[in-house]
Amino acid sequence: MPNKESQCCEKFKTMIGGQALIEGIMMRGPDKDAVVIRTGDGLTVETSPRKKNPAGSVKNWPFIRGVFNFFDSQVVGVKALLRSADLAPEEMQEEPSKFDLWLEKKLGNEKFQQAILGVAVAMGLGLSVVLFFLLPMVISSFFDRWIPNTVVLNLVEGILRMGIFMVYMLAISRMGEMKRLFSYHGAEHKTIRCYEAGLPLTVENVRAQTRLHPRCGTSFLLVVMVISILVFSVASSALLAIFPALEAMRGSFLYRFTMIAFKLLLIPVVVGITYEINRWAGRHDNGFTRILTAPGMWMQNFTTNEPDDSMIEVGIAAVQAVLPEEEGADRW
């Protein structure tokens, strides 16, 4: 049994990370992606080479790379989730609808899968934008007659955004079908914690780790919401200073529509800035970074559950499947 100190001490930070799937875990390493699913016959491990951007590509530029990486992670994540649905035990699979069968017949299996992937990514991103950005923007816009200060108005909007996000996460954490998914999320975190502590990847060692991890996507989303307050406040104030006629229309439909559309266009900027902040925070461990990641760590109490041993075995197999051939090549 590892001693208590070895369970909590991070010897290095790895870039390896992933997400929970239906009865499994998707893990991304420096060179490979892996999907590990527990089926009726045991563990199914599928790996694929990870696509890398060529040196000098605009996709590697600071503040721009975050947007491309975020979109890429959404595509890869949804693709892995759909694959896990195919590999999951039969009792957990849903029968395809008549529309699905008709669409697959018309498009062919490969094009059908691409269409499903595209729709799923679009719906996921669209729901996030509508629920966590557009909705609080619309609600807060009705306060513009009583709150003339743009910074204060954006602060109200940000508080609404974080409130909606927390209510949403708390609600889905209570759904029966999500509890098992969140247990696999916990297994993913605990396995990475064990690996970063330099301990052998055994069920016993992994079980002893905390299920909270500072480089989780939950932390990223919360930082996005904080950064959005700052970016929207500065940009909105600048827009009104450049176009004083717009300020004179405060309270009108045109004013609200313009401000909402302007801030929606700024979402990629927010994502790019947040990515750089999280990248920096992930490589440092000090008082400031611990404060920065604290809200996300707290939120993980609701988005992760303690896994059972079978889930931990999936986490171990997922990490082992993406370990680089050269030791240390995955250091963050």
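As a reminder, the structure under discussion sits directly above these lines.
Residues numbered from 1 in each chain as written. Predicted model: local features only at pLDDT ≥ 70, side-chain atom pairs only at ≥ 80, totals over all residues. Heavy atoms only, no water.

Participant: It is not clear to me how the overall build of the chain should be interpreted in this structure. Could you clarify?
Facilitator: Helix and strand counts for the chain stand at 13 helices and four strands. When each of the 332 residues of the chain is scored for burial, the buried share is 42%. A fraction of 72% describes how many contacts in the chain between residues 6 or more apart in sequence connect residues 24 or more apart. Put simply, the chain shows about 18,000 Å² of open surface, and 64% of that area lies on carbon and sulfur atoms. (Helix = DSSP H or I, 4+ residues; strand = E, 2+ residues; numbered from the N terminus. Buried < 20%, exposed > 50% of the residue type's maximum accessible area, 1.4 Å probe, protein only. Contact = heavy atoms within 4.5 Å. Areas by Shrake-Rupley, 256 points an atom, 1.4 Å probe, with all protein chains shown as cover.)

Participant: What is the right way to look at the packing of aromatic side chains in this model?
Facilitator: We describe a pair of aromatic rings using the distance from one ring centre to the other and the angle between the two ring planes. This structure, assessed with the given rule, holds eight aromatic pairs. Between Phe70 and Phe220, the ring centres sit 6.0 Å apart and the planes meet at 25 degrees, which makes this aromatic pair stacked. Remark: Phe220 occurs in helix α8 (residues 217–242) and Phe70 occurs in helix α2 (residues 65–87); sequence separation between them is 150 residues. Given the relative accessible area of 25%, Phe70 is considered partly exposed. Residue Phe220 is classed as buried on the basis of its relative accessible area, which comes to 13%. Ring pairing ties together the aromatic residues Phe132, Phe165 and Tyr168, which thus form one cluster. (Phe/Tyr/Trp six-rings, centres within 6.5 Å; stacked < 30°, edge-to-face > 60°.)

Participant: Looking at this model, I keep getting lost on the sheet that holds strand β3 (residues 32–39). Mind explaining?
Facilitator: Backbone hydrogen bonds are what pair the strands of a sheet, in a parallel or an antiparallel way. Spatial ordering of the open sheet is given by β1-β2-β3-β4, a layout of four strands whose pairing is antiparallel. Pairing within the sheet leaves two strands with one partner each, and these edge strands are β1 (17–21) and β4 (42–49). Within the sheet, the average angular offset between the axes of one strand and its neighbour, ignoring direction, is 15 degrees. Bridge analysis of β1 against strand β2 (residues 24–28) gives five bridges, and the strand direction is antiparallel. Note that in β2 the partner of Gly17 across the bridge is Arg28. Sitting on the sheet, α2 touches β1, β2, β3 and β4, and the angle it makes with β2 is about 150 degrees. Sheet strands touched by helix α6 (residues 176–196): β1, β2 and β3. Its angle to β1, the strand with the most contacts, is close to 155 degrees. (Pairing = 2+ DSSP bridges. Axes fitted to C-alpha atoms, helices over the stretch in contact; angles between N-to-C directions.)

Participant: Just checking my understanding: could you explain the pattern of salt bridges for this structure?
Facilitator: Charged atoms that come close allow side chains of opposite charge to pair. Counted according to the given criterion, the structure contains 16 salt bridges. A salt bridge links Glu23 to Arg180; its shortest N-O distance comes to 2.4 Å. Of the two residues, Glu23 is situated in the loop between β1 and β2 and Arg180 in helix α6; the sequence distance between them amounts to 157 residues. Looking at Arg180, the relative accessible area reads 35%, which means it is partly exposed. One salt bridge connects Arg250 with Glu247, and the closest N-O pair in it is separated by 2.8 Å. (Salt bridge = Lys/Arg side-chain N within 4 Å of Asp/Glu carboxyl O.)

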